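# Close look at the chain arrangement
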Amino acid sequence: PDGTIYDPPGADLSVVVNVYNVPFDLTPGVLPIECSIQFLPVELVSFDAFPQENDVVIRWETASEKDNDYFVVERSTDLQNWSKVGEIEGAGTSDLHRIYVLKDEAPLYGESYYRLKQFDYNGQSETHAPKTVLYYPEQDISVYPNPAKGRVLVEGLNDHVNRIELINARGQVAKTFMSSQEMKQELDLQALSPGMYTVQVIMERGTAIRKKLIIQ
């Protein structure tokens, strides 16, 4: 009742227990244990991906490597379809702490995912959990001619522009232009009074880029 197992003289006691799905036969004098230990080819300390200026930097660290051939960094927008960003040679077999850095020099605007795959010399691979990156690069636009009369050209746009607004000196929206999804967009100023204005480019995520404009 108290959990103690009694083994009277002459008794044949055989107890089988299961620990973590590994059977142990505790028959006196018999202890068959089958145990399989797998060592990971790469001991990964950290893996990260983050925007830096106009790039996305992918950085990871290893504490040790065994028969490590190379790493591949992949990118996705939906966690289903992946494309290769780059490849870096592994250290083979090493007990040294190592840092790897790879840059995506043409990152996708908005939200994307990066993952790391490691390949052994025998062709086997291990895929590590992906990291989410939000990439909203700083932009600049050109407005010319300035001063302008009749029409003005706004350059440096992209397909993530929502709209363009002209703000008058009182801070009011004098006119709104929907995005043409082009790199350049011409704005008609003929209905506006002369004066100082601000060209305000509104991006899809709500941020704005502003430039001063004088209308004659």
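Residues numbered from 1 in each chain as written. Predicted model: local features only at pLDDT ≥ 70, side-chain atom pairs only at ≥ 80, totals over all residues. Heavy atoms only, no water.

Quick look at the overall build of the protein now. Of regular secondary structure, the protein possesses zero helices and 16 strands. Sorting the 216 residues of the protein into buried and exposed places 35% on the buried side. For the protein, restricting intrachain contacts to residue pairs at least 6 apart in sequence, the fraction spanning at least 24 positions comes to 54%. As presented, the protein carries roughly 13700 Å² of accessible surface, and 49% of it is formed by carbon and sulfur atoms. (Helix = DSSP H or I, 4+ residues; strand = E, 2+ residues; numbered from the N terminus. Buried < 20%, exposed > 50% of the residue type's maximum accessible area, 1.4 Å probe, protein only. Contact = heavy atoms within 4.5 Å. Areas by Shrake-Rupley, 256 points an atom, 1.4 Å probe, with all protein chains shown as cover.)

Right, let's get into the packing of aromatic side chains. Under the defined criterion, the tally for this structure stands at five aromatic pairs. Ring centres of Y109 and Y136 lie 5.3 Å apart, and the angle between their planes is 85°; on these two criteria the pair is classed as edge-to-face. In this pair, Y109 sits in the loop between β6 (98–104) and β7 (110–120) while Y136 sits in the loop between β9 (131–135) and β10 (142–149), placing the two residues 27 residues apart along the sequence. Of the residues examined, Y136 reaches a relative accessible area of 28% and is grouped as partly exposed. Three or more aromatic residues joined by ring pairs form one cluster here, namely W60, F71 and Y100. (Phe/Tyr/Trp six-rings, centres within 6.5 Å; stacked < 30°, edge-to-face > 60°.)

Moving on: the side chain of E61. Assignment of secondary structure puts E61 in strand β4 (residues 55–76). Classification of E61 by relative accessible area gives buried; the value is 13%. A polar side-chain atom of E61 sits 2.6 Å from a polar atom in the side chain of R59. There is a polar contact of 2.8 Å between the side chain of E61 and the side chain of H97. Sequence-distant contacts of E61, that is, excluding residues within four places in its chain, are made with E43, L44, V45, S46, H97, R98 and I99. (Polar contact = N/O pair within 3.5 Å; in protein donor to acceptor, adjacent residues only side chain to side chain.)

Okay, the nonpolar core next. With 21 residues, the main nonpolar core has V154, I164, L189, V201 and L213 as its most contacted residues. Looking at this core, the elements that each hand over two or more residues are β10, β11 (151–155), β12 (161–167), β15 (195–203) and β16 (208–215). The element contributing the most residues to this core is β15, with four residues. Other than its neighbours up to four places away in sequence, V201 contacts I141, V154, L157, V161, R163, I164, T207, A208 and I209. (Core = buried A, V, L, I, M, F, W, Y, C linked by side-chain atoms within 4.5 Å.)

The next subject is the confidence of the model for the protein. Mean pLDDT over the protein: 85, with 81% of residues reaching 70 or higher. Within the model, the stretch residues 1–27 combines pLDDT values under 50 with 27 contacts to residues more than four positions away or in other chains. (pLDDT = per-residue confidence, 0-100.)

Turning our attention to the pattern of salt bridges. Scanning the model with the defined rule gives eight salt bridges in all. Ionic pairing is found between D104 and R75, a salt bridge with its closest N-O pair at 2.7 Å. In this pair, D104 is assigned in strand β6 and R75 in strand β4, connecting sequence segments 29 residues apart. Given the relative accessible area of 5%, D104 is considered buried. Look at R75 and you get buried, because its relative accessible area is 15%. Ionic pairing is found between E155 and K184, a salt bridge with its closest N-O pair at 3.2 Å. (Salt bridge = Lys/Arg side-chain N within 4 Å of Asp/Glu carboxyl O.)

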